[in-house]
Amino acid sequence: MNTQSHILMGAILFGRPLPRLALAGAAGGLIADIPMFVIVALLRMGGYSFDEIFGRIYWEQWWQVLNAVGHSFLIWGVLTLVAWLVIRRHGAAQAPRAALCFAFAGSALLHSVIDFLVHREDAHMQFWPLTEWRFVSPVSYWDPAHYGNWFSLFEAALGLVMAVMLFRRYRNVLARIALAIAILLYASAPAFFLHHLG
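Since the model is a prediction, treat every value here as computed from it, not as a measurement. (Residues numbered from 1 in each chain as written. Predicted model: local features only at pLDDT ≥ 70, side-chain atom pairs only at ≥ 80, totals over all residues. Heavy atoms only, no water.)

## With respect to the side chain of His119
What counts is decided by this rule: Where helices and strands are cited, they refer to DSSP runs of H or I of at least four residues and of E of at least two residues respectively, numbered from the N terminus. A 1.4 Å probe rolled over the protein chains alone gives each residue an accessible area, and that area as a share of the maximum for its type sets the label: buried under 20%, exposed over 50%, partly exposed in between. Contact definition: two residues touch when any of their heavy atoms are within 4.5 Å.
Counting through the fold element by element, His119 comes out in the loop between α7 (96–117) and α8 (148–169). Judged by relative accessible area, His119 falls into the buried class, the value being 6%. Ignoring any residue separated from it by four or fewer positions in sequence, one finds His119 in contact with Met1, His124, Phe135, Val136, Ser137, Val139 and Tyr141.

Written as structure tokens, this is what we have:
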């Protein structure tokens, strides 16, 4: 799934009852992909083409390990569980840091679970360092040979619904501008797809 969808999902699922929890959820939806963005930006500044980056360098062990850490079931699962136990014992009002940690780590864990289900050859080693095993899903979020077109259409519809829901939930002007842009981008994907079907 694309990063922006993970961000919106984290904000919408973990953003109640406080707006700062939505920010923590959005950040958790983003965190797993930050290493990729940094690496790609640095390599592009170094003159590497996208073909070389994703055709060769992406598959090197050091990058695969960074992906594994960012998408770790172990790291995010433990943090989510510990935060949940603290909240259960003391209550979210008495443990605001635990509530933020739960929103952040829970969203990162959700990101990892979704990616587990929609990555094929580009799957992550989500149980690393215990094992380098990867689940090769029958569904790819991007590859047309493995339902990528249909998943992209589903993701665009889901993203559009989530962006509209968040737009209605929050009144902050900057948040609404960002969400309005997201709404336009998500709406353009199914429109493009449907236009090319006709």
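## Considerations on the pattern of salt bridges
Filter applied, for reference: Every case where a carboxyl oxygen of Asp or Glu lies within 4 Å of a side-chain nitrogen of Lys or Arg is listed as a salt bridge.
Within the structure shown, the criterion is met by three salt bridges. Notably, a salt bridge pairs Glu52 with Arg56, separated by 2.9 Å at the nearest N-O pair. Since its relative accessible area comes to 40%, Arg56 is described here as partly exposed. For Arg56, the salt bridge identified is with Glu60, shortest N-O distance 3.1 Å.

## A closer look at a nonpolar patch on the surface
Note the threshold: Patch membership is restricted to residues that have no salt bridge and whose relative accessible area is over 30%. Joining uses 9 Å for like charges and 5 Å for the nonpolar side chains Val, Leu, Ile, Met, Phe, Trp and Tyr. Here the Shrake-Rupley method, with its probe set to 1.4 Å, supplies the accessible areas, and only the displayed protein chains count as covering residues.
A cluster of nonpolar side chains, Val173, Leu174, Ile177, Ile181 and Leu185, forms an exposed patch at the surface whose accessible area comes to about 540 Å². Looking at the element boundaries, Ile181 is found in helix α9 (residues 173–197). Accessibility expressed as a relative area gives 47% for Ile181, which makes it partly exposed.

## Examining the side chain of Ser5
Its location among the elements puts Ser5 in helix α1 (residues 3–14). Overall, the relative accessible area of 1% leaves Ser5 in the buried class. Contacts of Ser5, omitting those with residues within four sequence positions, involve Glu155, Met162 and Tyr186.

## As for unusual backbone geometry
The general pattern is negative phi for most residues beyond glycine and trans for most peptide bonds. In this model, Trp128 is joined to Pro129 through a cis peptide bond whose omega is 10°. Inspection of the secondary structure puts Pro129 in the loop between α7 and α8. With a phi close to 70°, Tyr147 is a non-glycine residue in the positive phi region. Counting through the fold element by element, Tyr147 comes out in the loop between α7 and α8.

## Concerning the nonpolar core
Rule in force here: We define a nonpolar core as any set of buried Ala, Val, Leu, Ile, Met, Phe, Trp, Tyr and Cys residues linked to one another through side-chain atoms lying within 4.5 Å.
Core analysis: the largest hydrophobic core is formed by 20 residues, its most contacted members being Leu8, Ala163 and Leu166. Taken together, the elements giving at least two residues each to this core come down to α1, α2 (19–31), α8 and α9. For this core, the leading source of residues is α8, giving five residues. Phe14, Ala24, Ala95 and Ala99 belong to the second-largest nonpolar core, a separate cluster that totals eight residues.

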